[in-house]
Amino acid sequence: MKMAVYPGSFDPLTNGHVDIVERALNLFDTVVVSVGLNRDKNSLFTAEERIDMIRQAFAGNPRVKVDCFRGLLMQHVQGLGASAVIRGLRAVSDFEYEFQMANMNRKLCPEAETIFLMTGADNFYLSSSLVKEVAALGAEVKDMVPAVVLAALNRKYGGAK
Ligand code: ADP
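Residues numbered from 1 in each chain as written. Predicted model: local features only at pLDDT ≥ 70, side-chain atom pairs only at ≥ 80, totals over all residues. Heavy atoms only, no water.

### A few points about the overall build of the chain
Right, so step 1: Tallying secondary structure elements over the chain gives 6 helices and 5 strands in all.
Right, so step 2: Ordered by position in the sequence, the α and β elements of the chain form the string β-α-β-α-β-α-β-α-β-α-α.
Right, so step 3: Since a compact globule built from 161 residues should have a radius of gyration of about 15 Å, the 15 Å found for the chain is in line with a globular shape.
Right, so step 4: With respect to the three principal axes, the spread of C-alpha positions in the chain is 45 × 35 × 30 Å.
Right, so step 5: The buried share of the chain, reckoned over its 161 residues, is 46%. (Helix = DSSP H or I, 4+ residues; strand = E, 2+ residues; numbered from the N terminus. Rg over C-alpha atoms; globule rule 2.2 N^0.38 Å. Buried < 20%, exposed > 50% of the residue type's maximum accessible area, 1.4 Å probe, protein only.)

### Focus on the site of the ligand
Right, so step 1: Y6, S9, G88, N123 and L126 are the nearest of the 18 residues found near the ligand.
Right, so step 2: Take Y6: an N or O atom from its side chain is 2.7 Å from an oxygen atom of the ligand.
Right, so step 3: The contact in question runs from a nitrogen atom of the ligand to an N or O atom on the side chain of R90, over 3.3 Å.
Right, so step 4: For the shell around the ligand, the secondary-structure elements that each account for two or more residues are β1 (3-8), α1 (15-25), β4 (84-89) and α4 (92-108).
Right, so step 5: Taken together, the residues of the shell around the ligand sort by class into 6 nonpolar, 7 polar and 5 charged. (Near = heavy atom within 4 Å. Polar contact = N/O pair within 3.5 Å; in protein donor to acceptor, adjacent residues only side chain to side chain. Nonpolar A, V, L, I, M, F, W, Y, C, P; charged D, E, K, R; others polar.)

### Digging into the pairing of strand β5 (residues 113-118)
Right, so step 1: Pairing geometry for β4 and β5, over 6 bridges, is parallel. Counted as the bridge partner of I86 is I115 from β5.
Right, so step 2: Handedness of the β4-α4-β5 crossover: right-handed. (Pairing = 2+ DSSP bridges. Right-handed = clockwise from strand over helix to strand, strands pointing away.)

### Details of the sheet that holds strand β3 (residues 64-69)
Right, so step 1: Across the sheet, which stays open at both edges, the 5 strands sit in the order β3-β2-β1-β4-β5 with parallel pairing between neighbours. If you trace the sheet from one side to the other, it starts and ends with β3 and β5, each paired once. Averaged over all pairs of adjacent strands, the angle between their axes in this sheet comes to 30°, without regard to strand direction.
Right, so step 2: Along the sheet, α1 contacts β1, β2 (30-36), β3, β4 and β5; its crossing angle with β5, the most-contacted strand, is approximately 120°. (Axes fitted to C-alpha atoms, helices over the stretch in contact; angles between N-to-C directions. Contact = heavy atoms within 4.5 Å.)

### Looking at helix α5 (residues 128-136)
Right, so step 1: For α5, every residue scored as buried is listed here: S128, V131, K132 and A135. Across the axial projection of α5, the buried residues extend over an arc of 100°, all falling on one side.
Right, so step 2: Elements in contact with the buried residues of α5: α1 and α6 (147-157). (Arc of directions from axis to C-beta.)

### Comments concerning a nonpolar patch on the surface
Right, so step 1: Taken together, the side chains of L72, M104 and L108 define a hydrophobic patch exposed on the protein surface, amounting to about 270 Å² of accessible area.
Right, so step 2: Turning to its location among the elements, M104 is positioned in helix α4. (Patch = residues over 30% accessible without salt bridge, like charges linked within 9 Å, V, L, I, M, F, W, Y side chains within 5 Å. Areas by Shrake-Rupley, 256 points an atom, 1.4 Å probe, with all protein chains shown as cover. Salt bridge = Lys/Arg side-chain N within 4 Å of Asp/Glu carboxyl O.)

### Overview of unusual backbone geometry
Right, so step 1: Geometrically, the link from D11 to P12 is a cis peptide bond, its omega value of 0° lying close to zero.
Right, so step 2: Residue position: P12 is located in the loop between β1 and α1.
Right, so step 3: Unusually for a residue other than glycine, F10 sits at a positive phi of about 50°.

### Digging into the environment of Y97
Right, so step 1: Structurally, the position occupied by Y97 is in helix α4.
Right, so step 2: Among the residues examined, Y97 registers a relative accessible area of 40% and is labelled partly exposed.
Right, so step 3: The sequence separation of Y97 and F69 amounts to 28 residues, and the corresponding C-alpha distance is 20 Å.
Right, so step 4: Each residue touching Y97, except ones within four places of it in the same chain, is listed here: R39 and R87.

See the structure below:
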């Protein structure tokens, strides 16, 4: 059984994240979407809300698991017995940070590979922060996030459609 961990803030889950999970499922038996809690202070949604939304978005798929971690990602990866870390790449701007992080993670845990996946063209411009920003200003985000996230954004911002 090949397992990969897909770590991130997921504040909130977007269709870009969903696209990456679906692509990772073509390569791994199980994908664990792991909500990182280290940079939690400025998040819009609590860890529980984020985990709950991800669970609901993938409710029909038993090969997707959802959990959270605090501290070192690679300790979490080793604890789960996963063989890879999945990260998504959008534009060149993602690359430098991801490159540094992947090399650090390899140093910490040489047996787990970091695998970078690209979303489809429809999703590559999406980021959680941009979705939050435009939703807060009342823009239409229904094509950018799963239905459960859209409902949650509506509750937070009232005006978002
Ligand atoms: P983090 O704070 O760890 O960057 P995010 O939730 O913003 O957490 O992103 C998690 C991962 O998903 C990152 O690897 C990020 O590059 C990737 N990702 C997010 N949105 C997209 C997208 N639209 N296309 C491809 N990858 C994405």
